[in-house]
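Report on the structure
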Amino acid sequence: MELAKAYEPKEAEKHHYKRWEESGFFRPEIIQNADAEPYSIVIPPPNVTGSLHMGHALQHTIMDVLTRRKRMQGFRTLWLPGTDHAGISVQRKVVEQLKKEEQKSPLDIGREEFIARCWKWKEQYGNTITEQMRREGASVDWTRHRFTMDERLSAAVRSVFVTLYEEGNIYRGLRIVNWCPKDKTVLSDLEVKEETKKDGKLTYLKYPVIGTDATITVATTRPETMLGDTAVAVNGSDERYKDLVGKTIALPLTNREIPIIADEYVDAEFGTGAVKITPAHDPNDYLVGERHNLEQLLVMNMDGTMNAAAGAEFEGLDRFRAREKVVEMFDELGLLEKVDDYEITLPVCERCKTIVEPILSEQWFVKMDELRDLGLELSRQNIPQFSPEVPHAKVYQTWLENLKDWTISRQLWWGHQIPAWYDDEGNVYVARTEAEAKEKAGGKELTQDNDVLDTWFSSGMWAFSTFGWTGCADTPVRIAGSSGETEGSRRSDAHADKSVRTPTDLETFLPTDVLVTGRDIIFLWVSRMMMLTKKFVGETAFKDCVITGTVLGKDGKPMSKSRNNGVDPIEMFDKFGVDATRIYLSSIATGADVKWNDLGIETYRNFANKIWNATRFSLMNVGTRASLPAIEDPQAGKDARVPTTLADKWIISRLNRTALDLNRALDKYEFHTAVSLLYHFFWDDFCDWYIELRKDEINAGDAEATTRILGILETALRMLHPFMPYLTEELWQKLPGTSAEMHNAAYKHTVGTQASSLLEEKSGQDARVPTDKTIMLADFPLGDAGLIDEQAEREMLAVIDVIKRVRNIRTEMQISPSIKFDVHIAADAGFQQVFRDNEAQILKLARAEKLVISSELDVPKASAKTVTNDAVVAVPLEGLIDFDKERERLATQINKLAEEKTRLDAQLSNANFVEKAPPEKVDGLRERSAELEHQINTLNNNLEALN
RNA sequence: GCCGUCUUAGCUCAGUGGUAGAGCACUCGCUUCACACGCGAUAGGUCACAAGUUCAAAUCUUGUAGACGGCACCA
């Protein structure tokens, strides 16, 4: 069998995914074992407006690694994909499109038509990311793809809303909210970010006090809001203003009179100690206003212009223009005290960066007390278990403890319209459907609330709405809902006998096993999913939560369009291959930020090529052989052959050790450790040593050696598969002896039998009969501690040491690789045997002519000598040796050993150390010190012998 | 203001009480019959700084400096 000289990722990426998907390999239904333990992950649904970025690539890789490993282990595995309707993002796209193509505004075409356009947009452009996920190799079950505005998911949203409303956990109220004048919608606190403005101004305005000549000075960063002032507040204990409290101010530019009040909120030390109070435009002023029963005067429109209440001179002016004008007019009136430069941080809209206006507005809110307590209760039990735990567990809990009510209405059209209807008198009826609402209203004509729900309201239900929960009669309910006095579970009794029907997805896959996401949405999404799932299904949404780091641009800043420092994953796929990109992303420490660096990915491109070529080598002799014994799995009980050579014992030991460590690392979500283990096992142990050690036999066509290497390789490919699915499938397919018989027991007999009918029944699609073998369903190596052979590893190390020391002599003595020389080794009887048994290997890898093994060295003076932990090695170099160089070489080596010995001896001469350190530690050092002394003496003798 | 993270070889990053690691780059040598996306051999670090705890600190504690993140406030 001939393979190309270099791995061509695109070739492998072309056909495997389609086959996997069409064969139903991604579906949990393919499993034949009824008792298989489920393993499930729901994807953080990307925005339909989105296209794949590095953050997705990273998270998807992690999820796919987890999913593929569990699938190979025979779990009933589901990774559920989906997309989010992304309210504002889609709406903005469609508004832009409408303006550009038809010069129309949403109002021109009306709500219904606008929403139709949004759907159209979604159909047309919303698949970008799902197609890109196929390229990634993401093994998601596409037949279970969900969209947050799917009919059933929307029904679920309405159920949750209605229930929370009926419980009093959702209310409508007039509050100061974050308003984005550009998007013309309210934003939750989490959607508001901060921007520091160095050129801010603090303006000091003088207000005349009626009945006196005095003025009172207030400072403000938003002078235009003075038009809505309804009081000036001072601290009651502030001597300066004591006499003014209770007096009245003639508010300039208006003909209003406002009181001077005393309130503890005011800090006498700060500014002038007097604060203008604008209850309709500032959250703190709002609270002061409530305490003092002040009028809430709204002076701004929702588009950021001033309204009629601001006065005729200001009406219609943009808020920033009005600001200038207020200052100008105060100046003209002689009431402008001063304007100071002032660095200020302003709230801005997360998406459009427009300065957010705090404004009084009637909105819907979720009262978070009960939900918060549910979340906190879990959090105290370490649910979810964050990886990495620091700092997320603590930050998450602290955030929950300080949780405020959640503004859930949004002034958009695209989204879940709030299921609340109003009659002519303004009475509200909350119901799942308009019909229900009408019934409640006694048949009155109703109009539905114009607003839609925050996108995160529906995302927060993702863990259960995706599994079919609607909260309605048809919800596939859970059997033993622990909290479950929800509508859904109450209606469940009729179907509650699990034994007589197929368990629903909700029963099977919730709680999900792990959530993988970025830290930016821990509050927005993770927390809400935890709380809502607990409340409505009585379950933990997920047990573990892996928080990935951020892939930064080359400049160390987060990738963004404005910085133009983004790296497109698709470009990386094209340049280095999907598998190289995946395993590189996996090699980043969990949770750590990393600066993008093409060199990192190149490392793994090279690694992929190394794997390709190791396979190429392993297969080279296969084609010429008529028959080969079946390859066997070199794990306990799976390989009947007893390894005879040291190299075999050693590589089997290393393989099993690697598999054990690998699984341990993956269980702890330490993907970078896993990658490092695989990289070094494959490259160092397998390629650099094992292949080289057995090369001659393999080239000579030795059946045992050829089969053995294929067995090791095959197992390694399975370990690598979750990280590098395309490459490993491509190569595994080419290995002789691989077959569907090697699939995990849970998938045996899947091929061509039950699975196809099952698939057909479930998906309704033309499920092709999967007659082919696939590494995807092969057993994931777990490793066996019983096959770790400490002795073989020690002996192999001795052999490797000798080879390395001889190579070192060759290089240091500048002896051409083409020149062969004799090698003398002195060692104890045990190691003599080891070296004798591996003579051919040592000869080959040290490029030696002859090996002389004895208990005492007997070599001419003109020899280069060296020591290992287990042997003394000499290379007679008559005519080749440069004595000065050899002295230098020996001196360097002695120095190194002596340094170590000095350190150790210093420690050993410390009575405190000997007394207090663990005895095995002390003994270890003593042994090492003795060994070093021996080695140094040997080298010193050699050095003297040269003189 | 509060909470937290980071600072390790030229670069990008692992490690986290017991002799400092990787990849890449660098130096030297190899057209060795799987791979130059390769092979072999070197070199390179008082683990930001200071003090403390400990027999032992890069690792724990405190402080300092620099980089950064979250939350709150911002008259």
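Here we summarise the structure given alongside this text. All values derive from a computational prediction rather than experimental measurement.

Before going further, it helps to examine the protein's contact with RNA strand B. Taken together, the neighbourhood of RNA strand B is formed by 59 residues, with A219, N284, K595, T603 and K916 sitting nearest. Taking all atoms of RNA strand B within 4 Å of the protein, the share assigned to sugar and phosphate is 67%. T220 places a polar main-chain atom, nitrogen or oxygen, 3.2 Å from a sugar or linking oxygen of RNA strand B. Between a base nitrogen of RNA strand B and a main-chain N or O atom of A614, the distance comes to 3.3 Å. With 11 residues, the single largest contributor to the surface near RNA strand B is helix α19 (residues 598-620). By residue class, the composition of the surface near RNA strand B is 24 nonpolar, 16 polar and 19 charged.

Looking now at the environment of Q411. With respect to the helices and strands, the residue Q411 is situated in the loop between β19 (409-410) and β20 (420-422). Along the sequence, Q411 and A659 sit 248 residues apart, while their C-alpha atoms lie 54 Å from each other. Excluding residues that lie within four positions of it along the chain, Q411 makes contacts with W179, K184, T185, V186, Q363 and D451. Separated by 2.8 Å, the side chains of Q411 and Q363 make a polar contact.

The sheet contact formed by strand β10 (residues 231-234) and strand β12 (residues 257-262) spans 3 bridges and is parallel. If you follow V234 over to β12, its bridge partner there is A262. Inspection of the sheet shows strand β11 (residues 248-250) paired to β12 by 3 bridges, in the antiparallel sense. Of the residues in β12, the one forming a bridge with T248 is P259. Counted between consecutive antiparallel strands, the loop separating β11 from β12 contains 6 residues, among which L253 sits at a positive phi close to 65°.

Here we take up the nonpolar core. Counting 196 residues, the largest nonpolar core has F457, F682, F686 and F835 as its most contacted members. Tallying contributions element by element places helix α21 (residues 671-699) first for this core, with 14 residues. Excluding anything up to four places from it in sequence, F682 contacts F607, K610, I611, A614, C687, L713, A716 and L720. L297, A310, M329 and F365 belong to the second largest nonpolar core, which has 35 residues in total.

What follows deals with the sheet that holds strand β25 (residues 542-548). Here 3 strands make up an open sheet; going across it, the order is β17-β25-β24 and the pairing parallel. Both outer strands of the open sheet, β17 (385-387) and β24 (512-518), are each paired with one neighbouring strand and no more. Taking each pair of neighbouring strands and ignoring which way they run, the sheet shows an average axis angle of 20°. Strands β17 and β25 of the sheet are contacted by helix α10 (residues 389-401), whose axis makes an angle of about 140° with β17. Running over the sheet, helix α16 (residues 522-537) touches β17, β24 and β25 and is turned about 165° from β24.

Parameters at a glance
- Residues numbered from 1 in each chain as written.
- Chains lettered and ligands numbered in written order.
- Predicted model: local features only at pLDDT ≥ 70, side-chain atom pairs only at ≥ 80, totals over all residues.
- Heavy atoms only, no water.
- Near = heavy atom within 4 Å.
- Polar contact = N/O pair within 3.5 Å; in protein donor to acceptor, adjacent residues only side chain to side chain.
- Helix = DSSP H or I, 4+ residues; strand = E, 2+ residues; numbered from the N terminus.
- Nonpolar A, V, L, I, M, F, W, Y, C, P; charged D, E, K, R; others polar.
- Contact = heavy atoms within 4.5 Å.
- Pairing = 2+ DSSP bridges.
- Core = buried A, V, L, I, M, F, W, Y, C linked by side-chain atoms within 4.5 Å.
- Buried < 20%, exposed > 50% of the residue type's maximum accessible area, 1.4 Å probe, protein only.
- Axes fitted to C-alpha atoms, helices over the stretch in contact; angles between N-to-C directions.

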